[in-house]
Amino acid sequence: MLKSRAEVTQSLDGELFDVLVIGGGINGSVSALSLSSKGVSTLLIDKGDFASETSQQSSSLAWGGIKYLESGEFSLVWQLCHSRNELMRFFPSQVKEIRFFTKLEKGFRKPRFFIFLGTLVYWLMGRFTMRAPRLLSKQVIANDEPVVDVKNCQGGVEYSDCYFVDTDTRFVFNLIKQAAKQGAKAVNYLEATKLSCGGDGIWDVEILDRLDPEAKTYKVRARAIVNAAGPYADKLNASSGVATKFRHVFSKGVHLIVPKITNSKRVLTFFEDDGRMFFVIPMGECSCIGTTDTRVETLPAVVSPEDREFILSNINKRLNLEKPLTLSDVISERCGVRPLAVETKPKPAKGDDASSDWMSLSRKHVLEADKTKGLISIFGGKLTDCLNVGREVSEAIADMGITKGQMQSADKPFWEDLALKQTFAQRAKGLGLSADAIERIWRRFQDDATRILDDYQADKTLMQTITPDYPLTWAELKFAARHEMAMGLGDLLRRRTNIEQDMPIKGKALRPLLLDIARTVYGDQQGAADKAVEEYLK
Ligand SMILES: Cc1cc2nc3c(=O)[nH]c(=O)nc-3n(C[C@H](O)[C@H](O)[C@H](O)COP(=O)(O)OP(=O)(O)OC[C@H]3O[C@@H](n4cnc5c(N)ncnc54)[C@H](O)[C@@H]3O)c2cc1C
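Residues numbered from 1 in each chain as written. Predicted model: local features only at pLDDT ≥ 70, side-chain atom pairs only at ≥ 80, totals over all residues. Heavy atoms only, no water.

**Student:** I'd like a description of the pairing of strand β20 (residues 470-473), backed by residues and values.
**Tutor:** For a regular strand, side-chain orientation follows a simple rule: the groups alternate between the two sheet faces. Relative to β20, strand β19 (residues 465-467) runs antiparallel, the two sharing 2 bridges. When the sheet's bridge partners are listed, Thr 465 is paired in β20 with Thr 473. Connecting β19 to the antiparallel partner β20 that follows it, the hairpin turn spans 2 residues. (Pairing = 2+ DSSP bridges. Helix = DSSP H or I, 4+ residues; strand = E, 2+ residues; numbered from the N terminus.)

What follows is the structure, given as structure tokens:
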């Protein structure tokens, strides 16, 4: 079970760990899980909330990289399909198959039948684990998805890939909970500010508590460091005097979230004006549209008026809406950078100069391990490939001899506990929960799901949903607020739940609900709820 933040931090000063993982995005979380499942004593820290950087800005797709077939990167597609299948097998309720409904315009760069052959090859590379692709006529598109504009359409294709049902952040958080169950310590809002490797081969790390009003610091020791700081990994290495063979360049990606465009649980796929794939992805009660791919040099990346215009004009051209989407329809935005791994020296990396093809830069991850120092840096990568990152980190740590034979022990299973799910489902049925509610609560809370049922039994009013048409009960929200290290409304509404992005209300209409949430969850002594809401809306 995840310990509270206070519980973990009170004993932190001076503690020695086998491994300190810096960064609680997907790569740090999966590393912590993989290491702790092998008995390695692990501390995971993040300078913000868990998954509060790149790993909350993705398209939330676990995909085998169909688009890389066009550039001939068959081995990458083969590997990504395998990774995707593994995710689906290990986390069957959290990573699910979804259909990609693709419209092809007349004059598209490849004939429709050729694209269909591509989807068949993709299906084969995915080892036929999902439903077969199908060729779509213009008429079928018009019937099945009337929202798609078929005026200039030559037909299309439909194929399968996967998505993270509760989005990227909840998946990352559940990995962290699993890591904690295997014995890892995990704390948010702790920043590694100074790293030095002593003569005894042990790292001394200064850690700043970003929630402490007095800016308290801790000194932690570790036999090895995993730098999983995502886009900040280069900065962290540079600040500790570490030179690496790889570094990052950044590609900004923006999504806009609007009220649900289609009720079907499919990803609508188009090719935008510059030829890239472009999606309308189901996200709770909303649709998430994107993304863009532009090079940026500085962090954090922000959404520009051009990004919004690009997305809205591209989607409006391809949908058959009564009224085109405008900025006033946008409920929220996602904006992050893809940290892409490139070689540092000696020759300029592909994509490093303006003339080369920026978008063809590889999206593969690279793990760079400095055995003498006991430092591993993770560059690039995708959510989809996370299990491989975890394995490679464990292997590199074993290779450093840090864990003295502990690594030989078999992995503890860290996939979903299906026997427990069955027991939970039986009890939940007895309480009158619908099949959807049973699936949702299990998917989100996993081993803690039965604790939600305890709360329902203790107080029947907690079974009510927070609004009539939003599938989240007060018990689930309260549990997340109290037991999932949510340190404020932002953590609760954006990462433990996704209310901030997938509930189709915004502006003034949202305020009463926020107050209700803050009062119910935190109580309202001395206007604490109002203050929390003001702080959140700032
Ligand atoms: C627009 C977009 C769409 C994408 N879509 C997909 C997709 O559909 N499927 C897919 O598989 N992949 C996708 N990706 C890629 C994927 O999201 C990223 O590769 C992945 O999230 C990177 O994770 P990370 O853990 O390396 O970095 P991050 O998630 O950025 O985590 C790094 C963490 O390190 C912390 N940190 C930094 N410095 C310090 C420090 N000094 N001390 C403590 N903590 C620190 C940060 O706070 C941060 O939380 C997408 C990416 C983008 C931008």
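**Student:** I'd like a rundown of the packing of aromatic side chains, residues and numbers included.
**Tutor:** This model, assessed by the stated rule, comprises 14 aromatic pairs. Centre to centre, the rings of Trp 123 and Phe 128 are 4.8 Å apart; their planes meet at 80°, and the pair counts as edge-to-face. When its relative accessible area of 47% is taken as the criterion, Phe 128 is described as partly exposed. Ring geometry for Phe 424 versus Trp 442: centroids 6.1 Å apart, planes at 35°, classification tilted. Here Trp 442 lies in helix α11 (residues 435-445) and Phe 424 lies in helix α10 (residues 418-430), a separation of 18 residues in the sequence. Three or more aromatic residues joined by ring pairs form one cluster here, namely Trp 63, Phe 100, Tyr 122, Tyr 159 and Phe 279. (Phe/Tyr/Trp six-rings, centres within 6.5 Å; stacked < 30°, edge-to-face > 60°. Buried < 20%, exposed > 50% of the residue type's maximum accessible area, 1.4 Å probe, protein only.)

**Student:** I'd like a rundown of unusual backbone geometry, residues and numbers included.
**Tutor:** With an omega of 15°, the peptide bond between Gly 290 and Thr 291 qualifies as cis. Topologically, Thr 291 is positioned in the loop between β14 (286-290) and β15 (294-296). Residue Pro 300 follows Leu 299 across a cis peptide bond; omega there is -5°. Along the chain, the position of Pro 300 falls in the loop between β15 and α8 (305-318).

**Student:** I'd love a proper account of the site of the ligand, names of residues and values included.
**Tutor:** Near the ligand you find 36 residues, and of these Asp 46, Thr 54, Ser 55, Leu 61 and Gly 381 are the closest. Here Leu 383 contributes a backbone N or O atom positioned 2.9 Å from an oxygen atom of the ligand. For the ligand, the accessible surface in isolation is 1000 Å², of which the surrounding protein chains cover 97%. Elements with a contribution of two residues or more to the shell around the ligand: α2 (26-36), β8 (190-197), β11 (246-259) and β16 (332-343). Of the residues that constitute the shell around the ligand, the class distribution is 13 nonpolar, 17 polar and 6 charged. (Near = heavy atom within 4 Å. Polar contact = N/O pair within 3.5 Å; in protein donor to acceptor, adjacent residues only side chain to side chain. Areas by Shrake-Rupley, 256 points an atom, 1.4 Å probe, with all protein chains shown as cover. Nonpolar A, V, L, I, M, F, W, Y, C, P; charged D, E, K, R; others polar.)

**Student:** Could you give an account of the pairing of strand β13 (residues 277-283), with specific residues and numbers?
**Tutor:** The buried count for β13 comes to 7 of 7 residues, which makes it a mostly enclosed element. Neither face of β13 is exposed, since Met 277, Phe 279, Ile 281 and Met 283 on one face and Phe 278, Val 280 and Pro 282 on the opposite face are all buried. Where strand β12 (residues 266-271) and β13 come together, 4 bridges link them in antiparallel fashion. Across the sheet, residue Phe 270 finds its bridge partner in β13, namely Phe 278. Between β12 and β13, which pair antiparallel and follow one another directly, the connecting turn spans 5 residues, one of which, Gly 275, has a positive phi of 90°. Relative to β14, β13 runs antiparallel, the two sharing 5 bridges. Note on β14: the bridge partner recorded for Phe 279 is Gly 290.

**Student:** Can you lay out the side chain of Glu 416 for me, pointing to particular residues and giving the numbers?
**Tutor:** Here Glu 416 lies in the loop between α9 (386-399) and α10. With no salt bridge to any partner, buried Glu 416 finds its closest opposite charge in Lys 421, at an N-O distance of 5.4 Å. Side chain to side chain, Glu 416 and Gln 94 meet in a polar contact 3.3 Å long. Here Glu 416 is in contact with Phe 90, Phe 91, Pro 92, Ser 93, Gln 94, Trp 442 and Gln 446, once residues within four sequence places are set aside. (Lys, Arg positive; Asp, Glu negative; His and termini not counted. Salt bridge = Lys/Arg side-chain N within 4 Å of Asp/Glu carboxyl O. Contact = heavy atoms within 4.5 Å.)

**Student:** Residues and numbers for the environment of Glu 97, please.
**Tutor:** The topology assignment puts Glu 97 in strand β4 (residues 95-105). Separated by 13 residues in sequence, Glu 97 and Arg 84 have C-alpha atoms that sit 9.9 Å apart. If we ignore the near neighbours within four places in the chain, the residues touching Glu 97 are Met 88, Met 130, Arg 131, Ser 160, Asp 161, Cys 162 and Tyr 163. Among the polar contacts listed, one links the side chain of Glu 97 to the side chain of Ser 160, at a separation of 2.5 Å.

**Student:** Outline the pattern of salt bridges, supporting the account with residue identities and numerical values.
**Tutor:** Side chains carrying opposite charge are able to pair once their charged atoms draw close together. As enumerated under the stated definition, the model contains 47 salt bridges in all. A salt bridge links Arg 276 to Asp 293; the shortest N-O distance between them is 3.8 Å. Pair noted here: Arg 276 is in the loop between β12 and β13 and Asp 293 is in the loop between β14 and β15, with a separation of 17 residues, a long-range link. Assigned by exposure class, Arg 276 and Asp 293 land together as buried. Ionic pairing is found between Asp 491 and Arg 495, a salt bridge with its closest N-O pair at 2.8 Å. Of the two residues, Asp 491 and Arg 495 are both situated in helix α14 (residues 489-496); the distance of 4 residues between them amounts to about one turn of the helix. For the pair Asp 491 and Arg 495, one class covers both residues: buried.

**Student:** Describe the environment of Leu 453, and please don't skip the residues or the numbers.
**Tutor:** With respect to the element layout, Leu 453 can be found in helix α12 (residues 449-458). Residue class for Leu 453 comes out buried when judged on its relative accessible area of 0%.

**Student:** Describe the nonpolar core, with residues and values.
**Tutor:** In terms of nonpolar packing, the biggest core is built from 45 residues, with Leu 87, Phe 171 and Ile 397 touching the most fellow members. Going through the elements one at a time, β1 (16-22), α2, α3 (74-90), β6 (153-164), α6 (167-181), β10 (217-227), β18 (375-379) and α9 are the ones with two or more residues in this core. When residues in this core are grouped by element, the largest group, 7 residues, is from α6. Those residues in contact with Phe 171 that sit more than four places away from it in its chain are Ile 26, Leu 87, Phe 91, Gln 94, Val 95, Phe 164 and Cys 386. Counting residues in each nonpolar core, the second largest holds 38 residues, with Ile 452, Leu 453, Leu 515 and Ala 529 among its members. (Core = buried A, V, L, I, M, F, W, Y, C linked by side-chain atoms within 4.5 Å.)

**Student:** Could you give me a rundown of empty space enclosed by the protein, with the residues and numbers involved?
**Tutor:** Per the stated rule, a full pass over the model turns up 2 cavities of 30 Å³ or more. Roughly 80 Å³ of internal volume is contained in the largest cavity. Around the largest cavity sit 13 residues that line it, and Tyr 122, Trp 123, Met 130, Arg 131 and Ser 160 are the ones nearest its centre. Tallied by class, the residues present in the lining of the largest cavity amount to 7 nonpolar, 4 polar and 2 charged. (1 Å grid on protein atoms, 1.4 Å probe; cavity = no way out; pocket = protein on both sides within 12 Å on 5 of 7 lines; lining within 4 Å. Points joined across faces, edges and corners; volume = space filled by probe spheres on them.)

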